[in-house]
Structures are given as C-alpha cells and as structure tokens.
Amino acid sequence: MALLLEHEFKPLPADKQIETLPFLEAVAHLPPFFDCLGTPIVYSPVKADLTGNIKKIRAVYDSNPTKFRTLQNILEVEKEVHGAAWPKTGATLALMWLKRGLKFMLVLLQSISDGEWDEQHPNLIRVNALKAYEIALKKYHGWMLQKLFMGSVYALPYKSDLLKALEKGKEVKEEESIEKIHQFLSRATPILDAIYEMYTKMNAELSYKA
C-alpha cells in the first residue's frame, strides 16, 4: 500500500509517550489519502485541515524540540502557559482536530479490511464511510456540514478504485491491498488510541461543533 506505508509509525512504547517528531513525519504522508476519496468540495477541506494542523504542531515542536519531545509534553506545557484558554488553543487544539481526521481515516480502512459491505452494492464504500463519519466526526459538525458529508457518500469511488489509488495506480490483488491496510492499522491504531486516552486523562477533549 504505497501511500499508507510510505512512512510507518513507530511502535507505541510501553509508557505510551509518543515522540513528536516521528509522529509528525508519519502523519505528514497521510493527507493525500483524502484525494483518493474524490468529492473535492467535501474532502479537500478535510485534507487542508489535516495539513494545517500538522504544520501548527510542527511549528510548536520546532520552537523547542527538547521541551516538546513528546505529544504529552506539548499538552502539559501549553496547559501551564495558556491557562484558562487551554485546551482551545495552540498545538493542543491542532492535535485534537488532527486525531479526529485520522480517526475517520482509520475507521474507514478498518471497516473495509474487516469486510463490512453493502450486500446490494458490494463494490461501494458508502457503508464504511458512513460508519467512519458517525464515529469520528459527525458529533463535532453542525447541521450544514453533516448534510454535506452525508450527501458526499454517494459520490465516493468504488472500493476497487480506492485500493488502486492507495497503491498509486498499480494493479494489485485485493487481498494483498487488504493485507497492507492491516499492516498500516496495526501500527497506526495503537498510536491514535493512546492520543485519545491522553486527551481524556488530561481533560483536554472539547465537544464544540465546527
């Protein structure tokens, strides 16, 4: 899976402290995933949002790589610096939205690799995308955004076309592509779960709607 495995996530350490630089290097290759979903009016803003949030976190990290060595360091330092404005500020807010975009991506891919499908339309990924949206993004979107996303599922590519796009145009057997998705998810999912856990523990999660 050329796009997904271009730069793999490091294994999650036992203490669940995620190093900032390797994390940013891994996620920097992922925004083009949203190009593979078509419907630019919906997914181009998601891609731009992901890219922008990665840049915001990178700027904070670059300002002091030692102080911001891990993602937890970023949240802890910003909590102290920003006071009452935290967590709706800085890299903490950027990472909050980044993890939601990544969650959408991972749930969609997990659903496809688990073989969840519409019996009437087995080559469509509508069922998978709707599941991902419900879990990752819907509750953070206002009515207009929800309508836009729900309508976009009818313009999603066929599963076969998505898998080919993830292989950067190469013809690969479906089972081989699914195996590569499994490989990607086995590294990425524990990292994302640890980030969600960190936000819960630090009471940094916000529920306002975009």
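Residues numbered from 1 in each chain as written. Predicted model: local features only at pLDDT ≥ 70, side-chain atom pairs only at ≥ 80, totals over all residues. Heavy atoms only, no water.

- The name given to the protein chain in an unreviewed UniProt entry is Glycolipid transfer protein, and the organism recorded there is Strigops habroptila.
- Here the protein chain is described in UniProt, under the heading Sequence similarities (unreviewed entry), as follows: "Belongs to the GLTP family."
- You can read under Subcellular location (unreviewed entry) in the UniProt record for the protein chain the words "Cytoplasm". (UniProt positions renumbered as here; feature names shortened; annotations may be inferred.)

1. Observations regarding helix α6 (residues 143-152)
So, step 1. Listing the buried residues of α6 in full gives Q146, F149 and S152. Angularly, the buried residues of α6 cover 130 degrees about the axis, an arc narrow enough to put them on a single face. Every exposed residue of α6 that faces more than 90 degrees away from the buried side is listed here: W143, M144 and K147. (Buried < 20%, exposed > 50% of the residue type's maximum accessible area, 1.4 Å probe, protein only. Helix = DSSP H or I, 4+ residues; strand = E, 2+ residues; numbered from the N terminus. Arc of directions from axis to C-beta.)

2. Some details on the UniProt feature "domain: Glycolipid transfer protein" (unreviewed entry) in the protein chain
So, step 1. UniProt annotation of "domain: Glycolipid transfer protein" (unreviewed entry) refers to residues 18-167 when read in the numbering used here.
So, step 2. Secondary structure content for residues 18-167 is 65% helix and 0% strand, while the C-alpha to C-alpha distance between its ends is 28 Å.

3. Quick word on the layout of surface pockets
So, step 1. There is about 260 Å³ of room inside the largest pocket.
So, step 2. Every residue lining the largest pocket is counted, 15 residues in all, and those nearest its centre are P45, V46, D49, H141 and L145.
So, step 3. For the lining of the largest pocket, the elements supplying multiple residues, two or more each, are α2 (40-63), α4 (90-113) and α6.
So, step 4. Among the elements that line the lining of the largest pocket, the one with the most residues is α2, at six residues.
So, step 5. Taken together, the residues of the lining of the largest pocket break down into eleven nonpolar, two polar and two charged.
So, step 6. The space that makes up the second largest pocket amounts to roughly 150 Å³. (1 Å grid on protein atoms, 1.4 Å probe; cavity = no way out; pocket = protein on both sides within 12 Å on 5 of 7 lines; lining within 4 Å. Points joined across faces, edges and corners; volume = space filled by probe spheres on them. Nonpolar A, V, L, I, M, F, W, Y, C, P; charged D, E, K, R; others polar.)

4. Brief notes about the packing of aromatic side chains
So, step 1. For the structure shown, the criterion picks out ten aromatic pairs.
So, step 2. Here the aromatic rings of F33 and F34 are separated by 5.3 Å at their centres, their planes lie at 90 degrees, and the arrangement is edge-to-face. Across the pair, exposure class does not vary: F33 and F34 are buried alike.
So, step 3. A ring pair is formed by Y43 and F149, whose centres lie 5.8 Å apart and whose planes are at 85 degrees; its orientation type is edge-to-face. (Phe/Tyr/Trp six-rings, centres within 6.5 Å; stacked < 30°, edge-to-face > 60°.)

5. Considerations on the side chain of T89
So, step 1. Mapped onto the elements of the fold, T89 is located in the loop between α3 (71-82) and α4.
So, step 2. Overall, the relative accessible area of 18% leaves T89 in the buried class.

6. Section: the pattern of salt bridges
So, step 1. Summed over the entire model, instances satisfying the criterion amount to 13 salt bridges.
So, step 2. D35 serves as the salt-bridge partner of K47, at 2.8 Å between the closest nitrogen and oxygen. Taken together, the positions of K47 in helix α2 and D35 in the loop between α1 (20-27) and α2 put the pair twelve residues apart, joining distant regions of the chain.
So, step 3. Since its relative accessible area comes to 25%, K47 is described here as partly exposed. (Salt bridge = Lys/Arg side-chain N within 4 Å of Asp/Glu carboxyl O.)

7. As for the confidence of the model for the protein chain
So, step 1. Averaged over every residue, the pLDDT of the protein chain is 94; the share at 70 or more is 100%.
So, step 2. Considering each helix and strand of the protein chain separately, the mean pLDDT is smallest for α6, with a value of 90, and largest for α3, with 98. (pLDDT = per-residue confidence, 0-100.)

8. A few points about the environment of E134
So, step 1. Tracing the backbone shows E134 in helix α5 (residues 126-136).
So, step 2. For the pair E134 and L102, spaced 32 residues apart in sequence, the C-alpha separation works out to 14 Å.

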